[in-house]
Structures are given as structure tokens and as C-alpha cells.
Amino acid sequence: MGNGIFGNQNPSVKNYLDNLNESQRAAVTHQEGPMIIIAGAGSGKTRVLTYRIAHLMAQGIDPFNILALTFTNKAAREMKNRIATVAGPEASNLWMGTFHSVFARILRAEADKLGFPSSFTIYDTQDAQRLIAAIIKERQLDKEVYKTKQVLNRISSFKNSLITVRAYQNNPELIQADRMAKRPKMGEIYAEYVNRCFKAGAMDFDDLLLRTNELLTRFPAVLYKYQDRFRYILVDEYQDTNHSQYLIVRALADRFQNICVVGDDSQSIYGFRGANIQNILHFQRDYDQAAIFKLEQNYRSTGNIVRAANSIISRNETKLDKEVWTQNAAGGKIKIMRTYTEADEGRFLANSIFDNRMNQQIKYSDFAVLYRTNAQSRAIEDALRKKNIQYKIYGGLSFYQRKEIKDILAYLRLLINPQDEEAFKRVINYPMRGIGATTLDKLFVAANHYQKPVFDLISSLDEIDIKLNAGTRTKITDFVTMIRHFQIVASEKNAFEVAELVVKKTRILADLEKDGTPESVSRVENVQELLNGIKDFIEVQTTKDREASLAVFLEDVALATDFDLEKEDSSPRVSLMTIHLAKGLEFPYVYIVGLEENLFPSAMSMNTRSELEEERRLFYVALTRAEKQAYLSHAQTRYRWGKLIDCEPSRFLEEIDEQYTEHLSPARQPAQGNQFVDKSLFSQTPPDKIRFKKPLRRGPEKKASPPKKPPFVPPRNLTRVSQASGTSDQLLDSNLSVGMAVSHRKFGRGRVLSITGSAANRKAEIEFNTVGVKKLLLQFAKLTIIG
DNA sequence: TGCACCGATGTTTTT
DNA sequence: CATCGGTGCA
């Protein structure tokens, strides 16, 4: 996305067509009928898409009749901005957004037809999980067998394949499959889950698509309306659409057939979430007479990167015929680095970024570190922090998923949609007001009995036959009164004022402030930030409708992950993110870390060929983010779930044609100022002669080879034992000896009784003054020597 | 009813 | 190691 250092074609309003190469221009100017654009990595896909929309408008197509669907809010926002620069302010009339946000909006408008309130809540994954967990518990099913996450995943895949509860019940194969998996109650749970969501006036992410399909199928007039409205439909990242999305697009495009899809089968990386790569592979079968355009020239990356990436992806069987090429200079070879531990990996990367920035006179924002799993970011953060390198993490748990934020949002949700059961459960006793589990149980039993939403029930508590003592009754009615009050205010004031009132009245802030831990201080700040965020939102919001504004805000929040309050003016930062999140982005310098078997490719994705191919595509995506230089690194040992494990280099490393790669010898990374011993010197493989053992057997099973002994690490002769370096924890264990007095963060002071084991297993028995004798793994124990 | 502590459990990737 | 849910005590 964007103009990379190689994309110095400058868009101008007038002769925008001159900024395109031949195939790009052909794709932009082709007007009527179905078409598919196969866009290789870095081939100017976004440019074509934006110009195409601008071109349609230039041909006199009303932007009102154009629908453009993207996968992320960020992509939508960026594209909208770029269209505006080419086509002018008129562009604001076109519908552009993610599948989820566009159809959420349509569903709101048509909600009554499906029996939902137009103010329906959107359940996020956490809400959905809690509901599933509750259902499993109510039915007293074994939670070892019915794991909430697995159950939710299964339900999600049903929905994405348009298998409704009824379809499930009529499908003996599915029922049989669940029986075989020892989960015969799956159908029941599914039914109950859908039912409860309906009663709560809530839709989960998958429902936004599934219910849209329902809407378009059951109500031909509605379908007709939107077909007529969206005469030109464009879909970005088509390779990542699932069946549900596929059907929506098909239905909407059916009348005018002006459907333009853009994608790259080599970048299909969302199979785990139901994306169906067949959608793109079979487009021409689905729409006969579909025109096909291929964008194969890469403007983004160096020759080495492009060709290396090709050499990887060529190993996949499932792919469309295309060949990405570039005119760009070959550039540097891809650098491969092996380190001993993940901490070394982080250090390597921090040093390398630091040096590159100095030598190349570039900004930290020109660098990105990409990893397979979010958990990997920790070691990297540590290393960057120690080097004082500014970074920004994308993804992970978003701001809006923090507990304190979700709690406040739950109040807002509840007052907009009192049926929202998950919101209710969140806030009924937070901050604590003495309505505990026992009372809640009674309420839910009664609600079930009277077939009413709980909030309705407690709104008219006197009419209900229920055993509660007087004190509890008052507490409940007080709660109802408070929510009612919020609702009245919400109809008169804007979202910010309401939120402010909620925070004040519920005394959430006071509750957080009172325990004064550093943790709660940051929570208070978060709440403050939320209020600021709502204020910003109000100012941008064009809608005059007050009530709508709060609902729209909640919707944005539910569907936004990259909503993150980007600080424009802050200093340039290194970007840290998962590869999935990096799709569509580009950076001059890219570091891909953790290239190890069972991590990347993930151990969960090595069972079938197609899973492995998806991992390979993921690697392809990662590599093609780089414009100028790519680094690949892998560690020989890594902590996973708290244990140190040996890691083998990823098979992907040997899949790259070696003429494009170069191995950095760890020995060349001098240990700076004797800060740490270069442990790789003592590993089994000589550093200058790196060989990759091909795993003999593939699969997630445990390694057959006996665990390698930790390599011998000679006693380090450390003349200076300053804590100045970032490696004091490493120094510690070799310095620790029997009889020393130490101090522990939690246990206080104590004396070392004995030390056993070596390397990762090194343990100390310590007698603490307060808590007695403890055995601690030195890896984790944060001990300070005090004498 | 509330709180503190314990143990189990978990890591793919996201709208 | 972090988070969560459960349990047992005040």
C-alpha cells in the first residue's frame, strides 16, 4: 500500500491514467461486467482499485451506486482518502468499508425484518465465549470435552458455511461427526447459543454475515433494493472471503454483474477463519465471461526479494498461473541469522536496527519486525527497550478489550440495548454493590421461567414471585433506577456526556483510584483515554441524531481493532506486528523472526498439505512486505509455555533458493564490551558452517531424538559485575552461591541453602525470613544478591 | 457475600 | 509466566 520508495509515480487528478502501466490501465478502464484482477504482491493493487473507482466516477457513475468492500478498516480509510485526492470530495458518497461494518449498517436499517432491535449489540469474541461457557455450565456438560473455544470455533465454521441450526439438524453427517468427536450435544449448544443471542438482541461477527444472507434470501424486495443501489461492486482481498461473504457478494451483484474482485491467491492466509481460497480460484467458473487481468510487475521490492519469494511460493500446488517480476535492482541478499536464544535474537535485531538506522540515515519507522504469534513480541520488546529504540506494537489485545474499558462499554451497551445479557452480567455487580452469584442465579432462573430478558424482569420486581431479602431488592431496584436514568440522559445528551455520567455515577473511577497500585493508575488513564476517544468521535461524527451516535460509536468499537489512537506527531517508531496484521503494508527493512519448526510453520498447521501451504503463503506475505532488505532469524532455544525447548530451523529457510540468501555468522556479532558471552560459539554447529537438518518426520508429534543436552557453557569470567548492562539476570545465576543473602520481589529476604541443576534447570533452595524454604528456578526467580 | 489464594491451563493467526 | 476459574475461609 502507498508509494514505496520505488513507487514514485505521482498521482495527479488529470492524467491519472498516465500513472499506470499497461495491465494496470486495462484493469482500471474495463467498465462493464464481471472481472477479476490477480494482483501479485507489490504490483500496485491499491492504486488500481482507487483509480478504478475514480475512473468509474469520471465516467459519470454516481458514487452512491458504488460499493467497495475491504478487509480492514485501515484499508478502507486509506483507500477513501486516496480516492478523495484523485476524484474530489464527491467520493465521500461511496460505500466503502469492511464486510462487517457495511453489513452491520444495513442490518441495522433492516433489523425489524429479522426480529432484531435496530440497536442490536455486536458480541465480540469474548462475549461469545462467555455465553458459550455459560451454556455449557448450565447443561452441566464436561468442560474438558466441551472446550468453549473449540465449541465456538465449530459454531463459527457452521455459520461461515451457512449451516444454520436447522441445516445442522438435517445433516446426519455433521451430527455423526460430532458424535464421533464425543460431542453429541454440539447441536443443542449451537441451538441454544443462537437462541440466546437472538433474545439478547445480539449478533456475533459471523452473524453479521449470516444474517445478511438471511435478509437477502428471505426478503426479495430488500435484495432488489440493494442490488439496485450497488450497481458497481468491488471486493478487495477476494482470496480471503469465506463462503458467507461469497454468497452476499454474489447475491448483490447478480442483477448488474458489475463485480470486480481483486486478490492474490498466493496471499490467502485466513483459511483458519473460514476463508475459502476456491472463491478466487473459481471466479471465472462462477461468472462466465469474466474478464481477467493480471498485475505481475512488482514495484515494491528488490529483485532478490521478489525472486526469493517466488522460489518459495512455487512449492505450493494450489495456485493460479502468474509470475511476479520486477525491474528493480537486485539489492542485498536476504540475511539469515541464527542465534542461541530468543533473547539473543532480540538483541541481534535491536543492534541491527540501530546500526542500519545510523548507517543508512533512515528513521525507525522504516523498520518492521514481523512474527507468527503475538507471544513472541515480549522478547523483542525487551531488547528494543534496552537499546532505547522506540517501537509500536500493533494488534495484541486492543485498547477496547481491556477490562476497565469493556466494563464501561458494557454500561453503554446495556442502556442502548437492555436485553444485552452479556453486558448485564458484566455490570450488575461491578463496581461491587452486593448483588452476588446467588442472587444472580435466582434472577436468571426467574427470567427463564417468565420468558423475559433479565433486565425486564428486574424492572418490575414486585410483580415477580421470587425470594429475595429486602436489602437485595433495594440494591437491584437502585441499579435499575440508575440505568433508567442513564437512558433518559442518553436521549438528551451526546455520547460523551453519557459516558462521563456513567463513569461518575457508577463510581468506577473512584473504585480504581482507591487502591493506588501502578496497575490501577494506568487503568484510570485508560478510562480517561476512552472518554477522550468518545469526545473525538463526537466531533468527527456527522450524524445529528443523538441516540444514533452512541450506537454508532459502540459499533465502531466492536468492529475496530486497528482503531488505535495513532499518535501522528509522535516520534518515528519501529513497527511490531504479526504477519497477518502486516498484510497490505510495506517497509524498507523487514525482520521476520522465529523461523523455527513448530512455530513457523505453526505446530497446529502441519497436519495437512493445505494447512502447510497456507503457512507458506504466510511466509510469502511476510517476505514480500520488504522493500529494500529482509532479515530472517531463528533461535536454537526458546521459552514456550514457560519451558525452554530446542528449536530446529524452519523448513521455509531451506526452501528459499539459496542464491538469494546469505548467512550471517553469529561469530561476527562481537560481544560488545564483554557484556555477554557469545554463547553460539559453544553450540554444536560451527557458526560458519550452518547446516539445516531436514526434519525426518513431519508432523506435530514430539521429536523422537533424545533431548539434546544444553551445550556446555563455560564459567564466565566476569571482572565487572555492574548491573548497568541489560543482562544482569544472566550474570546472576553463575554468581549465586550457597550461603548468600538474597532478596526476592515477593518473598523478601532469604538465604541460599543449596543450588542444583544446571543451565535451564538450575534451581536454588532458599530459606526466606517470612515464608520459609522455597525452591526456585533461577530462570524465573527475580533475585537480587544483597550479601 | 466477598476476598484471597491456589492450581490448572494455555499459544496460532482476526473481523 | 499470565490469566482464569474454583474453592474455602472471614
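Residues numbered from 1 in each chain as written. Chains lettered and ligands numbered in written order. Predicted model: local features only at pLDDT ≥ 70, side-chain atom pairs only at ≥ 80, totals over all residues. Heavy atoms only, no water.

Peer 1: Now, about the sheet that holds strand β13 (residues 391-393): what can you tell me, with residues and values included?
Peer 2: Overall, parallel pairing links the seven strands, which are arranged β13-β14-β12-β15-β16-β11-β19 in an open sheet. This sheet does not close on itself; its edge strands, each paired only once, are β13 and β19 (661-664). Across the sheet, the mean angle from the axis of one strand to that of its neighbour is 25°, orientation sign disregarded. Two elements, strand β12 (residues 367-371) and strand β15 (residues 587-592), share four bridges in a ladder whose sense is parallel. Counted as the bridge partner of V369 is Y591 from β15. Packing against the sheet, helix α16 (residues 342-360) makes contact with β11 (334-339), β12, β14 (574-578), β15, β16 (626-635) and β19, and its axis sits at approximately 155° to β16. The sheet contacts of helix α28 (residues 609-623) involve β11, β12, β15 and β16, and relative to β16 the element is tilted by about 130°. (Pairing = 2+ DSSP bridges. Helix = DSSP H or I, 4+ residues; strand = E, 2+ residues; numbered from the N terminus. Axes fitted to C-alpha atoms, helices over the stretch in contact; angles between N-to-C directions. Contact = heavy atoms within 4.5 Å.)

Peer 1: For the pattern of salt bridges, give the residues involved together with the corresponding values.
Peer 2: Side-chain pairs of opposite charge can arise whenever the charged atoms involved come near each other. The full count for this structure, using the stated rule, is 45 salt bridges. As a salt-bridge pair, K322 and D264 come within 2.8 Å of each other at their nearest N and O atoms. Taken together, the residues span a long stretch of sequence, with K322 in the loop between α15 (303-313) and β10 (325-326) and D264 in the loop between β7 (259-263) and α13 (278-281) at a distance of 58 residues. By the burial criterion, K322 is buried, and D264 matches it. Its salt-bridge partner being R638, residue E345 comes within 3.1 Å of it at the nearest N-O pair. Of this pair, E345 sits in helix α16 while R638 sits in strand β17 (residues 637-640), placing them 293 residues apart in sequence. (Salt bridge = Lys/Arg side-chain N within 4 Å of Asp/Glu carboxyl O. Buried < 20%, exposed > 50% of the residue type's maximum accessible area, 1.4 Å probe, protein only.)

Peer 1: Just give me the short version of the packing of helix α22 (residues 470-492) against helix α23 (residues 495-505), but keep the residues and values in it.
Peer 2: Axis separation between α22 and α23 bottoms out at 10 Å; the angle between their running directions is 160°. Between α22 and α23, the angle is such that the two are roughly antiparallel. Where α22 crosses over α23, the handedness of that crossing is right-handed. Of α23, the residues touching α22 (which contributes M482, H485, F486, V489 and A490) are V498, L501, V502 and K505. (Parallel < 35°, antiparallel > 145°, perpendicular 65-115°, else oblique. Left-handed = near helix turned anticlockwise from the far one by under 90°.)

Peer 1: Help me get a handle on the pairing of β14, residues and values and all.
Peer 2: A large share of β14 lies buried, amounting to five of its five residues. Every second residue of β14 is oriented toward a common face, with V574, L576 and T578 on one face and S575 and M577 on the other, all of them buried. Examined bridge by bridge, β12 and β14 share four bridges and lie parallel to one another. The residue bridging Y371 from the neighbouring strand is T578, located in β14. Both β13 and β14 contribute to a ladder of three bridges, which runs parallel. Note that in β14 the partner of I393 across the bridge is L576.

Worth remembering: the numbers are spatial, not functional.
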